[in-house]
Amino acid sequence: MDRILKYVSILLILLFAVTLSAQNETYTVTANSWPADFSSFESFRDTNASTSQGAVIVLLAALSIYSKNAEEGKKALIICLDANSLISDTSPNGYKGFNINRNTIDLVKRQLEQHPYLIGSYLPGSSFQNGYKPSNPPYNFTLTSNRFSGTEESGQKKLFLPSSGADTPRPVTVKRNAKGVWKASEFSSLLVGIKKPATSNPADDL
């Protein structure tokens, strides 16, 4: 009887492991180039935002632009964020009749000012040791999902993006709009601080 219970327990563990493995998926997104400004961002968005995983990388590119040029980065964010993060704005401050809502843009501004190296930590080649300076494109990004991530069919999905300055990948939720374009809906975890980069001592070079 004990032997039977042992075998049943082993089978249940194996079944759970197989089920869990089937629910955890890995996605690769290849970016042959990386947009440095808004003019190159629009085509990058159009190329990648047709999939949920691509939309996460599009968001990352917009944040990367924002970290270098806030005005151009804001326009990039406007066209890659879900409608819930936007407000109507026909003034010169907006773009195509929209702007980013106060809570979202304040979070982006505050976190990137406090952690200017943050976005670099999500790019391939970066590390704590090299000050989160990424390598040159092309880039291969690896994202993951879990059993709570949702599905493509539902039009909403949570994916996890690793950072070289954090122990665990950060979640980003994306939604598909009526035109079939995936846009970032919730990404506050992406802006959480990371381990401070290593700093060299000038005396070491004497």
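Residues numbered from 1 in each chain as written. Predicted model: local features only at pLDDT ≥ 70, side-chain atom pairs only at ≥ 80, totals over all residues. Heavy atoms only, no water.

## A closer look at the UniProt feature "transmembrane region" (unreviewed entry) in the protein chain
UniProt annotation of "transmembrane region" (unreviewed entry) refers to residues 48-66 when read in the numbering used here. Along residues 48-66, the helical share is 84% and the strand share 0%, with 19 Å between the first and last C-alpha atoms. (UniProt positions renumbered as here; feature names shortened; annotations may be inferred. Helix = DSSP H or I, 4+ residues; strand = E, 2+ residues; numbered from the N terminus.)

## Re the nonpolar core
Core analysis: the biggest nonpolar cluster contains 51 residues, and Trp34, Phe41, Leu59, Leu77, Phe141 and Phe187 have the highest contact counts within it. For this core, the leading source of residues is helix α3 (residues 52-68), giving 11 residues. Beyond its immediate chain neighbours, meaning those up to four positions away, Trp34 contacts Phe44, Ile57, Leu60, Ala61, Ser64, Leu123, Pro137, Tyr139 and Phe141. (Core = buried A, V, L, I, M, F, W, Y, C linked by side-chain atoms within 4.5 Å. Buried < 20%, exposed > 50% of the residue type's maximum accessible area, 1.4 Å probe, protein only. Contact = heavy atoms within 4.5 Å.)

## Comments concerning the packing of α3 against helix α4 (residues 70-78)
The N-to-C vectors of α3 and α4 enclose an angle of 160 degrees; their axes lie 6 Å apart at closest approach. It follows that α3 is roughly antiparallel to α4 by the angle criterion. Read as a crossing pair, α3 and α4 show a hand that is left-handed. Two secondary-structure elements touch here, α3 through Leu59, Ala62, Leu63, Ile65, Tyr66 and Lys68 and α4 through Ala70, Glu72, Gly73, Lys74, Ala76 and Leu77. Here the residues of the contact of α3 with α4 sort into eight nonpolar, one polar and three charged. (Axes fitted to C-alpha atoms, helices over the stretch in contact; angles between N-to-C directions. Parallel < 35°, antiparallel > 145°, perpendicular 65-115°, else oblique. Left-handed = near helix turned anticlockwise from the far one by under 90°. Nonpolar A, V, L, I, M, F, W, Y, C, P; charged D, E, K, R; others polar.)

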